[in-house]
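Single-letter residue listing:
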Amino acid sequence: MGRHITGKILSEHLVSGSLEPGQEVAIRIDQTLTQDATGTMAYLQFEAMGLDRVRNELAVSYVDHNTIQAGFENADDHLYLQTVAAKYGIIFSRPGNGICHQVHLERFGVPGKTLLGSDSHTPTGGGIGMLAIGAGGLDVAVAMGGGPFHLIAPRVCRVVLKGRLRPWATAKDVILHVLRLFKTKGNVGWVLEYDGPGVKTLTVPERATITNMGAECGVTTSVFPSDEVTRQFMEAQGRGAQWREMRADADASYDREVEIELDEIEPLAAAPHSPDQVVTVASLAGMKVDQVLIGSCTNSSYQDLKAVTKILEGRHVPPSVSLGIAPGSRQVMKMLAEDGSLTVWLAAGARLLETACGFCIGNSLAPATDAVSLRTSNRNFEGRSGTQSARVYLVSPEIAALAAVEGRVVDPLIRTDLKHPRVKTPKQYDVDDAMLVYPPADAAGVRVIRGPNIGAPPRNEPLPEELNGVIAIKVGDKITTDHIMPAGKRLIYRSNIPAYSAYVFERVDPDFARRAAAARDAGMHNIIVAGESYGQGSSREHAALCPMFLGVKAVVAKSIERIHAANLINAGIVPLTFETASDYNRLQQGQPCRVPGLRAAMASGAARVTLRCGDDEIGLRMDLTERQRAIVLAGGLLNYTKAGGREKGANNT
Ligand code: MIC
Ligand code: SF4
């Protein structure tokens, strides 16, 4: 029987296990990427492993998340990242070079390869036909050390694209449509593999927009074929020799199939406060907007921003609107400078923003109280913009630009006076890698610089005999990692776990950190109780490391998202799920609870344990693989690896 692309790449990289959906497998990782907000922790953990050089094919360290440098902390982080990269053989992409996913697609992505990145939007690489997966920093550190990446062999959904997009319908609308179908929960363990005659009508940046925001569905990754369109993109990037065709066999069998008629897609928007609150742009027409921000790793390619230029040309934003545009990379910015776009933007009253994550992670441009903000990014979780009461809508660059000049949402389908901007795919991109710093062949003389903001990687203790503690917090459904560990102005603490821990659940329950620390100091174990889809969103392992620092030993939820569950295990926190979802209602914050014999149950491979709260007994599933159990017993992946845990693999035989 034939194979799909996912199956082909996985089997070419298989180190152990069998590719039966649901089974744990280990795969060799060719390429890794990190960004500054997760990178410092990844490299601290890499250093703690005691290797002298990275062992995977290509490792790139990007600085794009926090480039504000309002104090010494970020600058210290950047210096640490630059020197640690030189020391261990990692390419360093300097601040200003662009957003990791955009730059990686332009300069490094190779069809058929595996990429592991410490950022949940790593699947952007699926646009070029690679199997690109987001993970916590520690998993990436292990992969840099040549160890394999462990994952549950995914189920694969074939997404058949038919037809062609009509004017004003964009790749952003395709992925918003996919989010409308799949929603943000319930897709753990799936891969979305695009196929069908519509694929060839989409450019690589368009495909990357679609795979990028597939992350919001919670899937393992999304992938497109690598075809003639991919070859042309790579040639235009001066990398034609790296192209390889990747196609599913005609008789490949999938676990599910959905069809999308591209001709039927219309402009869409994700309404507050979730990427799957999808509505039509037509239904929002006339809504007043206060802020419009164009950029982020979802929509900041040259083609995206050239379309914006065409809409802004000869027009001006009204005084009621603040428009900001952040090109995704220095390559994009340079090309827009050369073709006169920047002049058009400035003439239109736009604010030219740095080629970085910036507003998307909420570290700048927070909207005014109750403001409506239209953005081209991928997440509109409540408060992520930096303003709790702001209403953030996610739209395509075209819809954003139109709203910016009119001050209101415009439905272009009923406006016959508007000319649809047609953008040609460049034959040649402006290739200039001057902001990439390559590591020296001999790193003997390199000194790693650690400013006062660079802490040590936190360690947990081995799993206790029994869990004896208190429900430190009870939260509802769809708690994102932004709820657990806010980014924005707290980003400066990413390298400093004790300091960052003071802000765990800051926006949900500002007293949590104090309470949890007090319980921990009194010798109690803290337990987090949650509803569906706990930990969705970002890959930030701080959402596990900081609770761990506050003495959290277990998370009991209706369901837990993939990357976050892995991060919990890597931190030595036990992820548990309710056998009966309604038992969630029987638990209360502040209640003392125990799981007697937890350690023995973990060691023996037991699939369930009992949570005792007073006279109440609640059955919990403990759905962990043998290796995950060993990690939790050791008190986390770092302890496990240090103690000689079998992180052998592919590249370090
Ligand atoms: C995000 O979009 O939420 C981030 C910021 O890029 C995160 C990574 C982080 O928290 O550092 C992600 O997507 O993984
Ligand atoms: Fe950066 Fe936003 Fe993309 Fe995350 S989603 S990598 S913060 S641009």
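Since the structure is predicted, the reported quantities are computational estimates derived from the model, not experimental observations.

## Description of the pattern of salt bridges
In this structure the tally under the stated criterion is 36 salt bridges. Here Asp616 ties to Arg586 by a salt bridge, and the two come within 2.3 Å at their closest N and O atoms. Residue Asp616 is found in strand E27 (residues 616–621), and its partner Arg586 is found in the loop between strand E24 (574–578) and strand E25 (592–595); the two are separated by 30 residues along the sequence. Overall, Arg586 belongs to the partly exposed group, its relative accessible area being 34%. Via salt bridges that share partners, Arg315, Glu406, Arg415 and Asp417 belong to a single interconnected network.

## Comments concerning the nonpolar core
Membership of the largest hydrophobic core comes to 108 residues, with the highest contact counts inside it found for Phe505, Phe512, Tyr534, Val574 and Met622. Core analysis: the next-biggest nonpolar cluster, separate from the first, contains 61 residues, Val60, Ala132, Val292 and Val372 among them.

## Remarks on the sheet that holds strand E20 (residues 436–437)
On the basis of which strands lie adjacent, the open sheet formed by 6 strands has the order E7-E6-E3-E4-E5-E20 and mixed pairing. With one partner strand each, in any of the chains shown, strand E7 (131–134) and E20 form the two edges of the open sheet. Taken together, the 2 bridges between strand E5 (residues 91–93) and E20 define a ladder with antiparallel strand orientation. Bridge assignment links Phe92 to a residue of E20, and that residue is Val437. Packing against the sheet, helix H2 (residues 36–48) makes contact with strand E3 (31–35) and strand E4 (58–62), and its axis sits at approximately 115° to E3.

## A look at the pairing of strand E16 (residues 322–325)
In the sheet, strand E15 (residues 291–294) pairs with E16 via 4 bridges, with the strands oriented parallel. Its bridge partner lying in E16, Ile294 is registered against Ile325. Taken together, E15, helix H9 (residues 302–312) and E16 form a β-α-β motif whose crossover is right-handed. Where E16 and strand E17 (residues 351–352) come together, 2 bridges link them in parallel fashion. Looking across to E17, one finds that Gly324 is bridged to Arg351.

## Re a positive patch on the surface
A grouping of Arg164, Lys200, Lys310, Lys419, Arg422, Lys424 and Lys427 is seen on the molecular surface, where their side chains present a positively charged patch. Among the secondary structure elements, Arg422 is positioned in the loop between helix H12 (397–406) and E20.

## So, the site of ligand 1
Contacts to ligand 1 come from 14 residues, most closely from Asp119, Ser120, Arg494, Ser539 and Arg540. Residue Arg384 places a side-chain N or O atom 2.8 Å away from an oxygen atom belonging to ligand 1. Within the complex, the protein chains bury 96% of what would otherwise be the 340 Å² of accessible surface of ligand 1. Here the shell around ligand 1 is built from residues that sort into 2 nonpolar, 7 polar and 5 charged.

## Quick word on helix H15 (residues 512–521)
Buried residues of H15: Phe512, Ala513, Ala516, Ala517 and Ala519, and no others. Down the axis of H15, the buried side of the element spans an arc of 160°, and every buried residue falls inside it. The exposed set on the far side of H15, more than 90 degrees from its buried face, consists of Arg514 and Asp521. Looking at the packing, one finds that the buried side of H15 touches strand E21 (467–474), helix H14 (497–501), strand E22 (525–530) and strand E23 (552–557). Among the residues trailing H15, Gly523 stands out with phi positive, at a value near 85°.

About the thresholds
Residues numbered from 1 in each chain as written. Chains lettered and ligands numbered in written order. Predicted model: local features only at pLDDT ≥ 70, side-chain atom pairs only at ≥ 80, totals over all residues. Heavy atoms only, no water. Salt bridge = Lys/Arg side-chain N within 4 Å of Asp/Glu carboxyl O. Helix = DSSP H or I, 4+ residues; strand = E, 2+ residues; numbered from the N terminus. Buried < 20%, exposed > 50% of the residue type's maximum accessible area, 1.4 Å probe, protein only. Core = buried A, V, L, I, M, F, W, Y, C linked by side-chain atoms within 4.5 Å. Pairing = 2+ DSSP bridges. Contact = heavy atoms within 4.5 Å. Axes fitted to C-alpha atoms, helices over the stretch in contact; angles between N-to-C directions. Right-handed = clockwise from strand over helix to strand, strands pointing away. Patch = residues over 30% accessible without salt bridge, like charges linked within 9 Å, V, L, I, M, F, W, Y side chains within 5 Å. Areas by Shrake-Rupley, 256 points an atom, 1.4 Å probe, with all protein chains shown as cover. Lys, Arg positive; Asp, Glu negative; His and termini not counted. Charge placed at Lys NZ, Arg CZ, Asp CG, Glu CD. Near = heavy atom within 4 Å. Polar contact = N/O pair within 3.5 Å; in protein donor to acceptor, adjacent residues only side chain to side chain. Nonpolar A, V, L, I, M, F, W, Y, C, P; charged D, E, K, R; others polar. Arc of directions from axis to C-beta.

Everything listed here is a matter of coordinates, which is why it stays silent on function.
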